[in-house]
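If you want the building blocks of each chain, they are given just below.
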Amino acid sequence: MGTRKLDIDEERLEAVEARLAGTLRRVSARREFVRRLRSRMRFPARAEIAVRLRDWRRLVVVFGGVISGAVVVLTVARALYHLVGRRNMG
């Protein structure tokens, strides 16, 4: 891609952002909602994060699950593409 193409894409994006900024109104959350949300959020301590990363068996299972899920999603998407693509071509 040349720089000209990127400039055109950026100009289009800026135009869309400007239009949205003009049409959408700003919404602020209620203070009670923000207070409840902050009270429910809990960030683990550094020691807890380190312990979780040292548990390599769980890490391998999580990583394997993510990769397996991605493969399944890609396989289903590819199958649907081939099925729908062949029907539309014929």
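Residues numbered from 1 in each chain as written. Predicted model: local features only at pLDDT ≥ 70, side-chain atom pairs only at ≥ 80, totals over all residues. Heavy atoms only, no water.

Asker: Mind showing me how you'd approach the overall build of the protein here?
Answerer: The number of helices and strands found in the protein is four helices and zero strands. Order of helices (α) and strands (β) in the protein, N terminus to C terminus: α-α-α-α. Looking at the protein as a whole, 1% of its 90 residues qualify as buried. Of the roughly 9,400 Å² of accessible surface on the protein, 61% is carried by carbon and sulfur atoms. (Helix = DSSP H or I, 4+ residues; strand = E, 2+ residues; numbered from the N terminus. Buried < 20%, exposed > 50% of the residue type's maximum accessible area, 1.4 Å probe, protein only. Areas by Shrake-Rupley, 256 points an atom, 1.4 Å probe, with all protein chains shown as cover.)

Asker: Would you explain a negative patch on the surface in this entry?
Answerer: Residues Asp7, Glu10, Glu11, Glu14 and Glu17 make up a contiguous surface patch of negative charge. As for its placement among the helices and strands, Glu14 is situated in helix 1 (residues 3-23). (Patch = residues over 30% accessible without salt bridge, like charges linked within 9 Å, V, L, I, M, F, W, Y side chains within 5 Å. Salt bridge = Lys/Arg side-chain N within 4 Å of Asp/Glu carboxyl O. Lys, Arg positive; Asp, Glu negative; His and termini not counted. Charge placed at Lys NZ, Arg CZ, Asp CG, Glu CD.)

Asker: I'm lost on the confidence of the model for the protein in this one. Help?
Answerer: Detailed reading of predicted coordinates is not advised where the pLDDT is low. Per-residue confidence for the protein gives a mean pLDDT of 85, with 88% of residues at or over 70. Summarising per-element confidence for the protein, the mean pLDDT is lowest in helix 1 (80) and highest in helix 2 (residues 31-40) (90). (pLDDT = per-residue confidence, 0-100.)

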